[in-house]
Amino acid sequence: MRIALPKGRLLADTASLLERANWQLNDYQPKARLYRLTSARFPDLSAKMLHEKDIPIQVAIGNYDLGICGADWVEELISRHTLSSLVKVKNLGYGYGALFAASAAGDGVNSLLDLSKRSGKVRLASEYPNLAEKLAIDLRLKNFAVYPLWGSAEAYPPETAEVVILPRKNAEELETKGLKVLGKVLDFKAVLVANRNSLASKDLSAAISSIVENLNPAVSGDQATISGAGGALEAYHEYTQDVVRLALPDGHQQPHVRKILDAANISITDYPSDRGLRRPVSDMGGFAIKTIRPQDMPLQVANGNFDLAITGWDWLTDHLHQFPGSPVKRLLDLKYGWVRIVAVVANEVPVTNAVELKEYFRGQNLRVATEYINIADDYARHNHFGRYRIAPTWGSTEAYIPEDADLLIENTETGGTIARHNLRIIDTLFESTACVIGNTQAAGNPVKRQRMETFVKRLSAALEKV
């Protein structure tokens, strides 16, 4: 019996539930160094910690018999794949949240009904592209586009999206960010899911019963509130055509970028923001700045929502493999954030390179797990792997080998995490560092071109001081 357990926001409540159920898991806690778990109560059970978003897919395709995740990700899957083998077994009563549809305050749209009356194009941005498309269809929008995101959806309205679909515990949290809630798409809590075939062919009753019988009736998140929420509203602006729209990374890259900006004597207020604001203000005239996920930047620059961005060469390469004719180019190597993009197998697989890997799996369907879907696809085709299947992941990729994948395409700095998971690097695809990327079509505006060139030159000169 195999079960996928969530990392992240649901981990604490799920660990508490399984402790009450006396599963006696060996190391299910936030700082676990390995993702494989065993249970003293169920010796035949094999558990893995996965990114919550990956769990419904893994259970649906049969890699796991059971899984625990938010019902939002279950609905995201089955809204497109209605014949999925995924079965919702039990609402677990914790991990409350809701998906809201929101727009920018002051844009004249006050409800989903107003949205449905718009005659122009409606852009929807979301980590939940299937639910966003379903909403657009339900509203009978005649002209719409859905932008899939890795996250940070709140940063997009109104300049780069009319509507965002995003999760929060309550509407008030969005309102403190200057967004206006148009409606609630769905409520969700943690849910126990199962593979339909596993329910029919295996005896999962003891495990399921132990979970269901130990649910905490007092746990109800319906009245949950966000602690520490608040902060100033972010002001939106309309920009003229010659304003350079710059995307800076959120997350762990911010200290590196801040250091380079300081060396370039570029003053940017509220970056990083301890209030979670996403529109830092600069002393550079003619620039408008937002912070978004680096993974989303190449596509956002390509479609014209931004002119410049700071992201990783790995993400730009993945984008260019999918869109070889993209107008996005690398303008400057920032020489920090160095990683290798590598091909990884289990230590037990007796191969040392891609040629041997091809021979070893000849005649089989090679399973590839990765966050870099297009790079992995190019690598598999370039090495003539024959039959292969790529499974997209949203993190914790090391957990997939050997049970759920034969090959990983992963990034690594030291290789320590890979070795700790009993895995081995057999190939380095390329090396990646942070870089400035730009939309070459934006250079058609001479004022904007001059500003873009000046920004890149200042950063380039600053690299010698960092």
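For the structure itself, look to the data block above.
Residues numbered from 1 in each chain as written. Predicted model: local features only at pLDDT ≥ 70, side-chain atom pairs only at ≥ 80, totals over all residues. Heavy atoms only, no water.

*Asks:* If you had to explain the pattern of salt bridges to someone new, which residues and values would you point to?
*Replies:* As enumerated under the stated definition, the model contains 26 salt bridges in all. For Lys290, the salt bridge goes to Glu159, with nearest N and O atoms at 2.8 Å. In this pair, Lys290 is assigned in strand S15 (residues 287-292) and Glu159 in the loop between strand S8 (144-148) and strand S9 (163-168), connecting sequence segments 131 residues apart. When its relative accessible area of 4% is taken as the criterion, Lys290 is described as buried. Connected through shared salt-bridge partners, Glu154, Arg168, Glu173, Asp250, Arg278 and Arg293 make up one network. (Salt bridge = Lys/Arg side-chain N within 4 Å of Asp/Glu carboxyl O. Helix = DSSP H or I, 4+ residues; strand = E, 2+ residues; numbered from the N terminus. Buried < 20%, exposed > 50% of the residue type's maximum accessible area, 1.4 Å probe, protein only.)

*Asks:* Before we move on, can you summarise the packing of aromatic side chains with the specific residues and values?
*Replies:* Counted under the stated rule, the structure contains 8 aromatic pairs. A centroid spacing of 5.2 Å and a plane angle of 65° characterise the contact between Trp150 and Trp315, whose relative ring orientation is edge-to-face. Here the residue Trp150 occupies a position in the loop between S8 and S9, and Trp315 occupies one in helix H11 (residues 313-322), the gap between them amounting to 165 residues. For the residue pair Trp150 and Trp315, the accessibility class agrees, reading buried in each case. With a centroid separation of 5.8 Å and an interplanar angle of 75°, the aromatic rings of Tyr379 and Phe385 are classed as edge-to-face. For Tyr379, a relative accessible area of 7% gives the class buried. A network of ring pairs unites the aromatic residues Trp150, Trp315, Tyr372 and Trp394 as a single cluster. Above the face of the Tyr64 ring, Arg2 is positioned so that its terminal group lies 4.2 Å from the ring centre. (Phe/Tyr/Trp six-rings, centres within 6.5 Å; stacked < 30°, edge-to-face > 60°. Lys NZ or Arg CZ within 6 Å of the ring centre and 35° of its normal.)

*Asks:* For helix H13 (residues 373-382), give the residues involved together with the corresponding values.
*Replies:* The set of residues buried in H13 consists of Asn374, Ile375, Ala376, Tyr379 and Ala380. A positive phi of about 55° marks His384, the residue just after H13.

*Asks:* Tell me about helix H1 (residues 11-20), residues and numbers included.
*Replies:* Among all positions of H1, only Leu11, Thr14, Ala15, Leu17 and Leu18 are buried. Angularly, the buried residues of H1 cover 160° about the axis, an arc narrow enough to put them on a single face. H1 presents Ala12 and Glu19 as exposed residues on the side facing more than 90 degrees away from its buried surface. Tucked inside the fold, the buried residues of H1 contact strand S1 (2-6), strand S3 (46-50), strand S4 (66-70) and helix H8 (205-212). Immediately downstream of H1, the backbone of Asn22 shows phi near 60°, a positive value. (Arc of directions from axis to C-beta. Contact = heavy atoms within 4.5 Å.)

*Asks:* Quick one: what's the story with the sheet that holds strand S7 (residues 122-126), residue by residue and with numbers?
*Replies:* Within the open sheet, the 5 strands sit side by side as S8-S7-S9-S6-S10. Their pairing is mixed. The sheet is open, and its two edges are formed by S8 and strand S10 (179-188), each paired on a single side. This sheet shows a mean twist of 25° between the axes of neighbouring strands, independent of strand direction. Of the strand pairs in this sheet, S7 and S8 are connected by 5 bridges, and their pairing is parallel. For Leu124, the partnering residue across the bridge sits in S8 and is Val146. Strands in contact with helix H5 (residues 129-138) are strand S6 (97-104), S7, S8, S9 and S10; relative to S8, the strand with the most contacts, it is inclined by about 165°. (Pairing = 2+ DSSP bridges. Axes fitted to C-alpha atoms, helices over the stretch in contact; angles between N-to-C directions.)

*Asks:* Could you give an account of the sheet that holds S3, naming the residues involved and the relevant values?
*Replies:* Pairing in this open sheet of 6 strands is mixed, and the strands run S2-S3-S1-S4-S11-S5 from one edge to the other. With one partner strand each, in any of the chains shown, strand S2 (36-38) and strand S5 (86-91) form the two edges of the open sheet. Neighbour-to-neighbour, the strand axes of the sheet open up by a mean angle of 30°, direction not taken into account. Bridge analysis of S2 against S3 gives 3 bridges, and the strand direction is antiparallel. Bridge assignment links Thr38 to a residue of S3, and that residue is Ser46. Taken strand by strand, H1 contacts S1, S3 and S4, and its axis lies near 135° from that of S1. Running over the sheet, H8 touches S4, S5 and strand S11 (190-195) and is turned about 30° from S4.

*Asks:* Break down the side chain of Gln58 for me, citing the residues and quoting the values.
*Replies:* Its place among the elements puts Gln58 in helix H2 (residues 55-60). For Gln58, a relative accessible area of 3% corresponds to the buried category.

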